Amino acid sequence: MTRLLTEFGMGTSLRRQDYTQAARRALQDALWHNSINLAELYGQPKEAMQITVEIGVQEPDRVDTAALADIFPYGQLEFSVVKGGLDVPRPDGLPTVIANVALSVALELPA
């Protein structure tokens, strides 16, 4: 597989401390800024794309990756959730959650 594209995004959960929602918003941020037709450019079906999603949040175990898969209409998904992002303290003691995302798209290219 050859990585052809990497996109970055940032998303937040302002009041609910919902790490999955923050990750969803970060993915949307990364995806919604462009429309890239990589598979068609290389004469391959969209389903052939290998999409690697790396999510950084302060509490990785609170991200439900299965709930994020519906963002992608095609492609083979691989999720990795790691410690990262940022929890920003608020006066009420509950943080605003910030998630960072890097998503990469790869295809098997002919030699």
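Residues numbered from 1 in each chain as written. Predicted model: local features only at pLDDT ≥ 70, side-chain atom pairs only at ≥ 80, totals over all residues. Heavy atoms only, no water.

As recorded in an unreviewed UniProt entry, the protein goes by Lin0512 family protein and comes from Octadecabacter dasysiphoniae.

### With respect to the overall build of the protein
Going by this rule: Helix numbers and strand numbers start at the N terminus; a helix is a DSSP run of H or I with at least 4 residues, a strand a run of E with at least 2. For every residue, the accessible area obtained with a 1.4 Å probe (protein chains only) is divided by the maximum for its type, and the residue is called buried under 20%, exposed over 50%, and partly exposed between those limits. For this analysis, residues touch if any pair of their heavy atoms sits within 4.5 Å. In these tables, accessible area is a Shrake-Rupley quantity obtained with a 1.4 Å probe, and a residue counts as shielded only by the protein chains included in the view. For the purpose of counting charges, residues Lys and Arg are taken to be positive, whereas Asp and Glu are taken to be negative. His and the chain ends are not included. Charged side chains are reduced to one point each, which is NZ for Lys, CZ for Arg, CG for Asp and CD for Glu.
Scanning the protein from terminus to terminus reveals 2 helices and 5 strands. Along the chain direction, N to C, the helices and strands of the protein fall in the order β-α-α-β-β-β-β. In terms of overall dimensions, the protein has C-alpha extents of about 55 × 25 × 20 Å along its principal axes. A burial count over the protein gives 37% of its 111 residues as buried. For the protein, the proportion of contacts with a sequence separation of at least 24, taken over those separated by at least 6, is 77%. Accessible surface, the protein: about 6300 Å² in total, of which carbon and sulfur atoms supply 53%. Charged side chains in the protein number 9 positive and 14 negative. The centres of these two groups are separated by 8 Å.

### Some words on the pattern of salt bridges
Spelled out, the test is: We define a salt bridge as a side-chain nitrogen of Lys or Arg found within 4 Å of a carboxyl oxygen belonging to Asp or Glu.
Scanning the model with the defined rule gives 5 salt bridges in all. Between aspartate 70 and arginine 24 there is a salt bridge, with the nearest N and O atoms lying 2.9 Å from each other. Taken as a pair, aspartate 70 in the loop between β2 (50-57) and β3 (76-83) and arginine 24 in helix α1 (residues 19-31) lie far apart in primary sequence, 46 residues in all. The class of arginine 24 is buried, set by a relative accessible area of 18%. The residue lysine 46 makes a salt bridge to glutamate 40 at a minimum N-O spacing of 3.4 Å.

### Remarks on the nonpolar core
One broad trend across soluble globular proteins is that nonpolar side chains are buried collectively. Going by this rule: In these notes, a set of buried Ala, Val, Leu, Ile, Met, Phe, Trp, Tyr and Cys residues joined through side-chain atoms within 4.5 Å is what counts as a nonpolar core.
Counting 24 residues, the largest nonpolar core has Leu27, Val53, Ile55, Val63, Phe72, Leu103 and Val105 as the members making the most contacts within it. Listed by contribution, the elements that provide at least two residues to this core are α1, α2 (38-41), β2 and β5 (96-107). Sequence-distant contacts of valine 105, defined by excluding residues within four places in its chain, comprise Thr2, Arg3, Leu4, Leu5, Leu38, Met49, Gln50 and Ile51.

### So, α1
At 3.6 residues per turn, the α-helix brings residues three or four places apart onto the same side. Put simply, the rule is: Expected span, for any helix, means 1.5 Å times one less than how many residues it has. Polar contacts, as counted here, are pairs of nitrogen or oxygen atoms within 3.5 Å of one another; within protein the pair requires one atom able to donate a hydrogen and one able to accept it, and residues that are adjacent in sequence qualify only if both atoms are side-chain atoms.
Taking 1.5 Å per residue as the helical rise, α1 with its 13 residues ought to reach 18 Å, and the 18 Å between its terminal C-alpha atoms agrees with that figure. If you follow the buried residues of α1, they end up packed against β1 (2-13), β2, β4 (86-88) and β5. The residue sitting at the N-terminus of α1 and contributing the capping side-chain oxygen is aspartate 18; that oxygen lies 3.1 Å from the backbone nitrogen of threonine 20.

### Quick notes on unusual backbone geometry
Positive phi outside glycine occurs at glutamine 17, with the angle close to 55 degrees. Its location among the elements puts glutamine 17 in the loop between β1 and α1. Judged by relative accessible area, glutamine 17 falls into the buried class, the value being 13%.

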